[in-house]
Amino acid sequence: QVQLRESGGGLVQAGGSLTLSCEASGSIPSMNVMGWYRQAPGKQRDLVAVMFSGGVKNYADSVQGRFTISRDNAYNSVYLQMNSLKPEDTAVYYCELRDLRARTEYWGQGTQVTVAS
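Description of the structure in this document. (Residues numbered from 1 in each chain as written. Predicted model: local features only at pLDDT ≥ 70, side-chain atom pairs only at ≥ 80, totals over all residues. Heavy atoms only, no water.)

### Looking at the state of the cysteines
Piece 1. Scanning the entire structure with this criterion turns up one disulfide.
Piece 2. The residue that forms a disulfide with Cys22 is Cys95, at a sulfur-sulfur distance of 2.0 Å. Between Cys22 and Cys95, the S-S torsion sits near -80 degrees, and that sign places the bridge as left-handed. With Cys22 in strand S3 (residues 18–26) and Cys95 in strand S9 (residues 91–99), the pair connects residues that are 73 residues apart, well separated along the chain. Of the two residues, Cys22 and Cys95, neither departs from the other in class, the shared state being buried. (Disulfide = S-S within 2.5 Å. Helix = DSSP H or I, 4+ residues; strand = E, 2+ residues; numbered from the N terminus. Buried < 20%, exposed > 50% of the residue type's maximum accessible area, 1.4 Å probe, protein only.)

This is the structure in structure tokens:
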């Protein structure tokens, strides 16, 4: 089992910045993807950014150039640096870890990000 603990959400003005952190604990699979998804009220959960354990990164078009994902494999953590935040970035942000061999995914409890205009 894997547990994910997120932190760093909050309220920020448009144009501001926030950094989200997610620490994984438990039986961490060696081949994995860690990343962030978000869900706004009444909408589906969408990919924001993911990073493979080998270093490859993928971003949603809507955050490309504004958000940066990074990992610290020594601490089983993933981070999301969010700059130039917009009101449409307001959502609950979820951390995900996907075991590529077992095809299993784990989710954090979510952290609220609110961007005021």
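### Section: the side chain of Glu6
Piece 1. Relative to the elements of secondary structure, Glu6 occurs in strand S1 (residues 2–7).
Piece 2. It is Arg45 that comes nearest to the buried, bridge-free Glu6 among opposite-charge side chains, at 7.6 Å.
Piece 3. Within the structure, the side chain of Glu6 is placed 3.1 Å from the backbone nitrogen of Gln109, a separation counted as a polar contact.
Piece 4. A polar contact is formed between the side chain of Glu6 and the backbone nitrogen of Gly110, at a distance of 2.5 Å. (Lys, Arg positive; Asp, Glu negative; His and termini not counted. Salt bridge = Lys/Arg side-chain N within 4 Å of Asp/Glu carboxyl O. Polar contact = N/O pair within 3.5 Å; in protein donor to acceptor, adjacent residues only side chain to side chain.)

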